[in-house]
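# Working through the structure, step by step
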Amino acid sequence: MSGIKSTGVPSRELIESTFPSEERRKSGPFAVIECWQEIPCDPCVASCPFHSIADMQNINDLPVIDHSTCNGCGVCIAQCPGLAIFVIDETFGAEDEASIRIPHEFTPLPAVGDTVRALNRDGSFACEAKVIKVRNTKSKTPVIEIAIPARLILDVRAIEPLSRAKNI
Amino acid sequence: MIRECDVLIIGGGPAGLASAREAVKAGCSTVVLDDAMELGGQLVKQTHKFFGSEMEYAGVRGIWIAEKLLDGIAGSPLFTPYLRTTASGLYEDGVVTALFEDREVLKFRPKKLIIATGAMEKTIPFPGNDLPGVYGAGAVQTLMNVYGVMPGKRCLMVGAGNIGLIVSYQLLQAGVEVSAVIEGMDRVGGYWVHASKIARLGIPILTRTTILKALGEEFVTGALIADIDENWQPIAGTEREVDCDFICLAVGLLPLVELFYLAECEMKYVHKLGGDVPLRDATMRTTNPNVYVAGDSGGIEEASSAMVEGAIAGLCSAKSLGAAIPDFDERFARLSDELAELRCGPVGEHIRRGLAECTMEELL
Amino acid sequence: MRIVEHPILKFERGRKVAFTLDGKPMEGFEGEPIASALHDAGVTTLSYSIRHKRPRGFFCAIGHCSSCLMEVDGRPNVRVCTEPLREGMVVKTQSGKGVLR
Ligand SMILES: Cc1cc2nc3c(=O)[nH]c(=O)nc-3n(C[C@H](O)[C@H](O)[C@H](O)COP(=O)(O)OP(=O)(O)OC[C@H]3O[C@@H](n4cnc5c(N)ncnc54)[C@H](O)[C@@H]3O)c2cc1C
Ligand code: FES
């Protein structure tokens, strides 16, 4: 057995399946919910100020997001107990650039303007990335937005903790 | 001196505290005994956000839930907690004895008893599993998250259930490296989101892999692991050493049920619930009419369901004492529905099947 | 080693107190379990098993497994994972079953 069930690493196809239409992607930031297993969990639904995540008939239902009303505000990122929500903005920066917002519960936090090591969904090094925004939340799940090459939007899903980058 | 009370709850984890809240609300004098230094059971070390729904504080970190459960009862004259107090005996006249701070024996005579003692960690056999440096995953969590001490520098995690995955993530947050998470099954047993969370930080999850040996004489200096086949037999030639200075076992929990035996509750071995558990009905009553069960001591599950079971046990034990609870039917139905919903998905299947083996259809 | 910075937690520690382990001076925070102060100082062997004299450390850290029994202030078989540290405690590595006095 391979893939997310045995390694925790989702395939590119699986990730792509959470993306909205080409047209919607061109229009601004959007949330992707990488939650593919029916588990009893629903805080994302209530977290969305625009009700873009559909009410669940049953708490085990998979979240369903309506990308036509989601404006990529990113409030849900820090509310998901599974840290499985990211916001991607393909309109950010130059043609071949994009940004991704990632939940990052490590200390010390990077600062805006810092260069950090962006990691792929399997933890391997993806690229160096500039920090665009750091938002700390009351629930202590900081959300960090980094600029990445557009071709890596299916791959980059983490930031190497700074404490660790030093140790290694 | 024998201390009298309406409801005595053994264990102050999510199950016990939720019971206490209902019992106090119903006007019962309620005592909670817990052998730990603070109330909350496993919650006090759970720094991650909880799953479940709003009713069980989903999205709130475990460490903040205990406080919420105590909201409203903490100062009540009906609520008396005893910490560092281990319930150790139960006599035919219904008296419970408990050892307070390892030195004084206290006696209680409750009208109803709720046993919410939780669980303890299992171990697995391999040479060197008794060495210092081989720790239960919960122990490591306690050491680092409650007392702020690093368990070591580099960990090998054995078991990719939720506990193994979550504790691996928490180790990283504390600045400890995790060499790998190994798992005998061909898939992770925990939630995929927990697995993804550590995979993307570079912790490899190795399925169909087992530990052969802990290396070291006085202390763990590494581990020998190997691939296994479908029959869980190590495959020759795949043995390799893992660099680690401690080994964390997250291989399952065992319900703590000694007190049910003392209370002569009818017990049954239910593999899916983790071990011997008491038979119970929908009100959480056991076959002893004065004894209720709630939480992991009745079957290994989750804090969310432990809280709902606890609320049911508290509500129903109070009701059985004749407490006036005008909206009892409504509340009991709502709690029962909540519990059914938590368990109704695919990940709740083994719990449903396990409970079917030990839940009585008829109210006892 | 102590965790100094943590993304979620703030550790409120009691005052520093002195105690001894097998006669050696040690330090820890008042009220924390003895085992935690020892672990911080790198002491991981707490006792030796009764028959084979193999080293024993803690296992459950919540008082349920008896893997951490030591002699504290002359009292044998104290579970040091749940015994709060106090100023001046005399802690000894236990070998065997211990003797009640
Ligand atoms: C690492 C880890 C991660 C987890 N993550 C989640 C999660 O994300 N979501 C979720 O819903 N659940 C989670 N759980 C499960 C959850 O913590 C447990 O299911 C829950 O704590 C069970 O509650 P309880 O009240 O039955 O038992 P406990 O929380 O274990 O409480 C029992 C209490 O009783 C005390 N006690 C036992 N025996 C005695 C005695 N004889 N006398 C006095 N006191 C006694 C114990 O010391 C303890 O304080 C996790 C568990 C672990 C270990
Ligand atoms: S480590 Fe288990 S009782 Fe102390």
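Keep in mind that this is a model prediction, so the values were computed, not measured.

### Focus: the sheet that holds strand S3 (residues 97-103) of chain A
Residue and element names in this part refer to chain A. Spatial ordering of the open sheet is given by S1-S2-S3-S6-S5-S4-S7, a layout of seven strands whose pairing is antiparallel. Bordering the open sheet on either side are strand S1 (30-33) and strand S7 (156-159), each of which pairs with just one other strand. Neighbour-to-neighbour, the strand axes of the sheet open up by a mean angle of 40°, direction not taken into account. Direction of pairing for S3 relative to strand S6 (residues 143-149): antiparallel, over a ladder of seven bridges. In the sheet register, Ser99 faces S6, and the bridge partner there is Ala147.

### Things to note about helix H3 (residues 137-146) of chain B
In terms of burial, H3 of chain B is largely enclosed, as 10 of its 10 residues are buried. Looking at H3 of chain B, one finds that the buried residues are Ala137, Gly138, Ala139, Val140, Gln141, Thr142, Leu143, Met144, Asn145 and Val146 of chain B. Those residues of H3 of chain B that are buried lie in contact with strand S7 (119-121), strand S8 (134-136), helix H4 (162-173) and strand S15 (246-249) of chain B together with helix H1 (34-40) of chain C. Gly148 of chain B occupies a position one or two residues after H3 of chain B and carries a positive phi of about 70°.

### Here we look at the sheet that holds S15 of chain B
All names here are of chain B. The sheet built from five strands is open, its strands ordered S8-S15-S9-S10-S11 with parallel pairing. What marks the edges here is a single partner per strand, and that holds for S8 and strand S11 (205-207). Averaged over all pairs of adjacent strands, the angle between their axes in this sheet comes to 25°, without regard to strand direction. With four bridges connecting them, strand S9 (residues 154-158) and S15 associate as parallel partners. Bridging across to S15, Leu156 finds its partner in Ile247. On the sheet, H4 packs against S9, strand S10 (177-183), S11 and S15 and is oriented at approximately 170° with respect to S9.

### Quick look at the interface of chain B and chain C
Each partner contributes residues to the interface: chain B has 39 residues there, and chain C has 34 residues. Surface buried jointly by chain B and chain C totals about 3200 Å² across both partners, of which 59% is contributed by carbon and sulfur atoms. Summed over the shared surface of chain B and chain C, the result is four salt bridges. Arg54 of chain C serves as the salt-bridge partner of Asp130 of chain B, at 2.7 Å between the closest nitrogen and oxygen. Counting across the chain B and chain C interface gives 10 residue pairs in polar contact (both at pLDDT 80 or more). Of all the secondary-structure elements, those providing two or more residues to the side of chain B that touches chain C are S7, S8 and H3 of chain B. Here the side of chain B that touches chain C takes six residues from H3 of chain B, the largest share from any one element.

### Concerning the confidence of the model for chain C
All names here are of chain C. Summarising the model, chain C shows a mean pLDDT of 93, and 100% of its residues fall at 70 or more. Mean pLDDT values over the elements of chain C span from 84, in strand S8 (residues 94-95), up to 98, in strand S1 (residues 16-21). With pTM at 0.95, the complex prediction returns an ipTM value of 0.96.

### A word on the packing of aromatic side chains
Each aromatic ring pair is characterised by the separation of its centres together with the angle its planes make. This model, assessed by the stated rule, comprises seven aromatic pairs over all chains. A ring pair is formed by Phe51 of chain B and Tyr191 of chain B, whose centres lie 5.2 Å apart and whose planes are at 75°; its orientation type is edge-to-face. One end of the pair, Phe51 of chain B, is in the loop between strand S2 (30-33) and helix H2 (62-70); the other, Tyr191 of chain B, is in the loop between S10 and helix H5 (192-199), and 140 residues separate them in sequence. Accessibility assignment for this pair places Phe51 of chain B and Tyr191 of chain B in one class, buried. Between the aromatic rings of Tyr82 of chain B and Phe108 of chain B, the centroid separation amounts to 5.2 Å while the plane-to-plane angle is 75°, which identifies the pairing as edge-to-face. Of this pair, Tyr82 of chain B sits in strand S3 (residues 79-82) while Phe108 of chain B sits in strand S6 (residues 104-115), and the two are 26 residues apart along the sequence. For the pair Tyr82 of chain B and Phe108 of chain B, one class covers both residues: buried. By the ring-pair criterion, three or more aromatic residues cluster together here, those being Tyr135 and Phe246 of chain B together with Phe58 of chain C.

### Structural notes on the site of ligand 1
Close to ligand 1 lie 32 residues; Asp34, Asp35, Gln42, His48 and Asp296 of chain B are nearest. This site is not confined to one chain, since residues near ligand 1 come from chains B and C. Interatomic distance of 2.9 Å between a side-chain N/O atom of Gln46 of chain B and an oxygen atom of ligand 1. At 3.4 Å, a side-chain N or O of Glu302 of chain B approaches an oxygen atom of ligand 1. Relative to its unbound accessible surface of 1000 Å², ligand 1 loses 95% to contact with the protein. Of all the elements in the fold, those that place two or more residues in the shell around ligand 1 are helix H1 (14-25), strand S4 (85-90), H4 and helix H7 (303-320) of chain B. When residues are assigned to domains, the shell around ligand 1 turns out to be shared by domain 1 (2-120 + 253-363) and domain 2 (123-249) of chain B, each giving three or more.

Calculation criteria
Residues numbered from 1 in each chain as written. Chains lettered and ligands numbered in written order. Predicted model: local features only at pLDDT ≥ 70, side-chain atom pairs only at ≥ 80, totals over all residues. Heavy atoms only, no water. Pairing = 2+ DSSP bridges. Helix = DSSP H or I, 4+ residues; strand = E, 2+ residues; numbered from the N terminus. Axes fitted to C-alpha atoms, helices over the stretch in contact; angles between N-to-C directions. Buried < 20%, exposed > 50% of the residue type's maximum accessible area, 1.4 Å probe, protein only. Contact = heavy atoms within 4.5 Å. Buried area = accessible area lost by both parts, 1.4 Å probe. Salt bridge = Lys/Arg side-chain N within 4 Å of Asp/Glu carboxyl O. Polar contact = N/O pair within 3.5 Å; in protein donor to acceptor, adjacent residues only side chain to side chain. pLDDT = per-residue confidence, 0-100. Phe/Tyr/Trp six-rings, centres within 6.5 Å; stacked < 30°, edge-to-face > 60°. Near = heavy atom within 4 Å. Areas by Shrake-Rupley, 256 points an atom, 1.4 Å probe, with all protein chains shown as cover. Domains from an automatic or database assignment.

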